[in-house]
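Residue-level structural notes
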Amino acid sequence: MEKENNDSKLNWHQRFKYMKKVMGYTNTDISEITGMALSTIKDQTKPTSEFNRWLKLSIVVFETFQANEGPIETESRRLNYGKVV
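Keep in mind that this is a model prediction, so the values were computed, not measured.

The rules behind each value
Residues numbered from 1 in each chain as written. Predicted model: local features only at pLDDT ≥ 70, side-chain atom pairs only at ≥ 80, totals over all residues. Heavy atoms only, no water. Core = buried A, V, L, I, M, F, W, Y, C linked by side-chain atoms within 4.5 Å. Buried < 20%, exposed > 50% of the residue type's maximum accessible area, 1.4 Å probe, protein only. Helix = DSSP H or I, 4+ residues; strand = E, 2+ residues; numbered from the N terminus. Contact = heavy atoms within 4.5 Å. Polar contact = N/O pair within 3.5 Å; in protein donor to acceptor, adjacent residues only side chain to side chain. pLDDT = per-residue confidence, 0-100. Salt bridge = Lys/Arg side-chain N within 4 Å of Asp/Glu carboxyl O.

Observations regarding the nonpolar core
Counting 12 residues, the largest nonpolar core is built from Phe-16, Tyr-18, Met-19, Val-22, Met-23, Tyr-25, Ile-30, Ile-41, Phe-51, Leu-55, Ile-59 and Phe-62. For this core, the elements supplying multiple residues, two or more each, are helix 1 (12-23) and helix 4 (53-69). Those residues in contact with Ile-59 that sit more than four places away from it in its chain are Trp-12, Arg-15, Phe-16, Met-19 and Phe-51.

Quick look at the side chain of Thr-45
Within the fold, Thr-45 resides in the loop between helix 3 (38-44) and helix 4. Polar contacts involving the side chain of Thr-45 include one to the main-chain carbonyl oxygen of Ile-41, which spans 2.8 Å.

Quick look at the confidence of the model for the protein
Here the protein averages 80 in pLDDT, and 72% of its residues register 70 or above. In this model residues 1-5 is a low-confidence stretch, pLDDT under 50, and it forms 10 contacts with partners more than four residues away in sequence or in other chains.

Points about the pattern of salt bridges
A side chain of one charge can pair with a side chain of the opposite charge when the charged atoms of the two come close. As enumerated under the stated definition, the model contains 2 salt bridges in all. Its salt-bridge partner being Arg-15, residue Glu-63 comes within 2.5 Å of it at the nearest N-O pair. Here Arg-15 lies in helix 1 and Glu-63 lies in helix 4, a separation of 48 residues in the sequence. Each member of the pair Glu-63 and Arg-15 is classed as buried. Between Lys-46 and Asp-43 there is a salt bridge, and its shortest N-O distance comes to 3.0 Å. A residue is classified by how much of its surface remains accessible, and Lys-46, at 35% relative accessible area, is partly exposed.

What follows is the structure, encoded as structure tokens:
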């Protein structure tokens, strides 16, 4: 992972936005993946909201993968969650 994104001073919201950007996901994608309503995703990921455990886990897994495997190439390694990418 890029050094600036490994900084523990980044909050969960900033880390989430970075993960979405790298993975090429939108809140709509996350809604479809999790089966949660889009409004719920938006509400739970607002900068003023406390992040849920499931979302923190997702961010930690993403960051761990990047740290161990190197940067994710969005076009060639984007996770296919049942849609044609």
